[in-house]
Amino acid sequence: MGKIRFGPARVPSRESPEAAIALLQERGFDACEIDFEGGFWMDYPWAERFGQLARNAKIVLSVHAPIAGFMGHVERDKKQRMAVGMLDHSAGVAKAAGAELVVFHPGFLLGRERAAALDSISEQLGELRERLEGKDRAVPFGVEVMGRVREIGSLDDVIEISRRSGWVRPVLDFAHMHATSDGGFTDAEPFAAALEAADEVLEPRAPFHIHFSDIAYANRNETKHLPYGEGTLRADPLKQALRTFKRPATVISESPDLESDQAIRAALSPRRRPART
């Protein structure tokens, strides 16, 4: 099994980079996702210092772009230009911080057939790549599996987007997949199948990038993240599935509380012994 790094989906302090790194170390985390879902709050000097301290502490970073930063808009209008700007700026912060990748959402069908939406997303991602290369901020991007069964963003969609682009990696959100499968991720087999699909499109040394939390859902759609143990998704089958791959993994907890983060971290720890029965 490759090395598993684990950390939260939010920087634990916005007071200073030093305070944030101190909390990550105190809590035993060696990964962290910079949380821009609701908007940008970190400037470039903050990002540069945070990244420097993270490297010294051997903490790997990623960036989650704003929710509105998605590709595949039907019209090349103000919303589309704003989305491009959000992803561009996310890449700039990621470059400054030395982050592994920028996570983004794939977007929406917007009344189209799935094939047409995938074509549009792939085309606009290609244009974005050219823009980022011109600014020397062409960092890897990661497209996230989503939690609504009738929208774009299934595992197959994400694998196809990654396959077409060559620079976009699949981000496996197992809470979302548990929801859209009506609770199907209860043993190692579906975890391993999803990891295998991602493994086939990832470049050789890239880690799996994984989002994880317990989840509530209805009609095969996510409703909210739950404290670990309140739903039916568990980390032990994920650990079992990861054992079959040499590829390392970065697991980001999207749980709503620190206690849940620590419970998932403990379940994924290679030093944890199985409970006696």
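Everything in this summary refers to the structure shown in the same document. Here the structure is a predicted model, which means the values were calculated and not measured. (Residues numbered from 1 in each chain as written. Predicted model: local features only at pLDDT ≥ 70, side-chain atom pairs only at ≥ 80, totals over all residues. Heavy atoms only, no water.)

## Section: the packing of aromatic side chains
Two descriptors summarise a pair of aromatic rings, namely the distance from one centre to the other and the angle between the planes of the rings. Inclusion rule: Stacked, tilted and edge-to-face are the three classes applied to pairs of Phe, Tyr and Trp rings, where Trp contributes its six-membered ring and a pair requires centres within 6.5 Å; stacked means planes under 30 degrees apart, edge-to-face means over 60, and tilted covers the rest. Whether a charge sits over a ring depends on NZ of Lys or CZ of Arg being within 6 Å of the ring centre and within 35 degrees of the ring normal.
Enumeration according to the criterion identifies 12 aromatic pairs in this entry. Through a chain of ring-to-ring contacts, the aromatic side chains of Phe36, Phe40, Trp41, Trp46 and Phe50 assemble into a single cluster. For Arg234, the ring lying beneath its charged end belongs to Tyr228, and the centroid distance is 5.4 Å. Lying across the ring of Phe208, Arg247 places its NZ or CZ 5.6 Å from the centre.

## Description of the side chain of Ser255
We apply this condition: Put simply, DSSP marks the helices as runs of H or I at least four residues long and the strands as runs of E at least two long, and each gets a number from the N terminus on. Accessible area is worked out with a 1.4 Å probe on protein chains only. A residue is then buried under 20% of its type maximum, exposed over 50%, and partly exposed in between. Only heavy atoms matter for contacts: two residues are in contact if any of them lie within 4.5 Å across the pair.
Structurally, the position occupied by Ser255 is in the loop between strand S10 (249-253) and helix H9 (258-268). You can call Ser255 buried: its relative accessible area is 0%. The residues contacting Ser255, other than those within four sequence positions of it, are Arg10, Phe212, Ser213, Ser260, Asp261 and Ile264.

## Concerning helix H4 (residues 114-134)
In an α-helix, one full turn covers 3.6 residues, which means residues spaced three or four apart are oriented alike. Heads up, the rule is: By this rule the span expected of a helix is its residue count minus one, scaled by 1.5 Å.
End to end, H4 covers 31 Å across 21 residues, agreeing with the expected 30 Å (1.5 Å per residue, within 8%). Within the sequence span of H4, burial applies to Ala117, Leu118, Ser120, Ile121, Ser122, Gln124, Leu125, Leu128, Arg129 and Leu132. Its buried side turned inward, H4 meets helix H3 (78-97), strand S4 (102-104), strand S5 (141-144), helix H5 (155-165) and strand S6 (168-173). Immediately downstream of H4, the backbone of Asp136 shows phi near 55°, a positive value.

## Some words on the side chain of Ser253
Note the threshold: What qualifies as a polar contact is a pair of N or O atoms within 3.5 Å, subject to a donor-acceptor requirement within protein and to the restriction that residues adjacent in sequence count only when both atoms come from side chains.
Here Ser253 is to be found in strand S10. One polar contact links Ser253 to Asp261, side chain to side chain, over a distance of 2.5 Å. If we ignore the near neighbours within four places in the chain, the residues touching Ser253 are Phe6, Gly7, Pro8, Ala9, Phe212, Asp261 and Ile264.

## Digging into the pairing of S10
How we decide: When DSSP finds two or more bridges between two strands, those strands count as paired.
With respect to burial, S10 is a largely interior element, five of its five residues being buried. The alternating pattern of S10 places Ala249, Val251 and Ser253 and Thr250 and Ile252 on opposite faces, both of which are buried. Inspection of the sheet shows strand S1 (residues 4-8) paired to S10 by five bridges, in the parallel sense. Bridging across to S10, Gly7 finds its partner in Ile252. As paired elements, strand S7 (residues 208-212) and S10 share five bridges and run parallel to each other. Note that in S10 the partner of Ile210 across the bridge is Val251.

## Observations regarding the pattern of salt bridges
The line we're drawing: Each salt bridge in this description consists of a side-chain nitrogen of Lys or Arg and a carboxyl oxygen of Asp or Glu lying within 4 Å of one another.
Under the criterion given, the structure shown has 16 salt bridges. The closest approach of N and O atoms between Asp136 and Lys95, which form a salt bridge, is 3.2 Å. Taken together, the residues span a long stretch of sequence, with Asp136 in the loop between H4 and S5 and Lys95 in helix H3 at a distance of 41 residues. Take Asp136: its relative accessible area is 58%, and that puts it in the exposed class. Note on Lys95: relative accessible area 41%, which makes it partly exposed. A salt bridge links Glu160 to Arg164; its shortest N-O distance comes to 2.8 Å. One end of the pair is Glu160 and the other is Arg164, both in helix H5 and four residues apart, which spans about a single turn. Here the residues in one salt-bridge network are Asp88, Arg131, Lys135 and Arg137, joined through shared partners.

## Considering a nonpolar patch on the surface
Rules: Residues with no salt bridge and a relative accessible area higher than 30% make up the patches, which join like charges within 9 Å and nonpolar side chains (Val, Leu, Ile, Met, Phe, Trp, Tyr) within 5 Å. Using the Shrake-Rupley algorithm and a 1.4 Å probe, accessible areas are obtained, with residue cover drawn only from the displayed protein chains.
Together, Val74, Phe108 and Leu110 give the surface a local cluster of nonpolar side chains, amounting to about 260 Å² of exposed area. Relative to the helices and strands, Val74 resides in the loop between strand S3 (60-64) and H3. For Val74, a relative accessible area of 47% translates into the label partly exposed.

## Some words on the packing of H4 against H5
Heads up, the condition is: Here an axis means a line fitted to C-alpha atoms, over the contact stretch when the element is a helix, while the angle between two N-to-C directions is reported on a 0 to 180 degree scale. Roughly parallel here means an angle under 35 degrees, roughly antiparallel means over 145, roughly perpendicular means 65 to 115, and every remaining angle is called oblique. Two helices crossing with the near one rotated counterclockwise from the far one by less than a right angle form a left-handed crossing, whereas a clockwise rotation gives a right-handed crossing.
H5 packs onto H4 with a crossing angle of 40° between their chain directions and a minimal axis gap of 10 Å. When the interaxial angle is binned, H4 and H5 end up oblique. Here H4 and H5 pass one another in a crossing that is right-handed. Side by side, H4 and H5 meet where Arg114, Leu118, Asp119, Ile121, Ser122 and Leu125 of the first sit next to Asp157, Glu160, Ile161 and Arg164 of the second.

## Quick notes on helix H7 (residues 188-201)
Here H7 is 14 residues long and its end C-alpha atoms lie 21 Å apart, about the 20 Å a rise of 1.5 Å per residue gives. Among all positions in H7, only Ala188, Phe191, Ala194, Leu195, Ala197 and Ala198 are buried. In this structure, the buried side of H7 is in contact with H5, S6, helix H6 (174-180), S7 and helix H8 (236-242). Residue Asp187 occupies the N-cap position of H7, its side-chain oxygen lying 3.2 Å from the main-chain nitrogen of Glu189.

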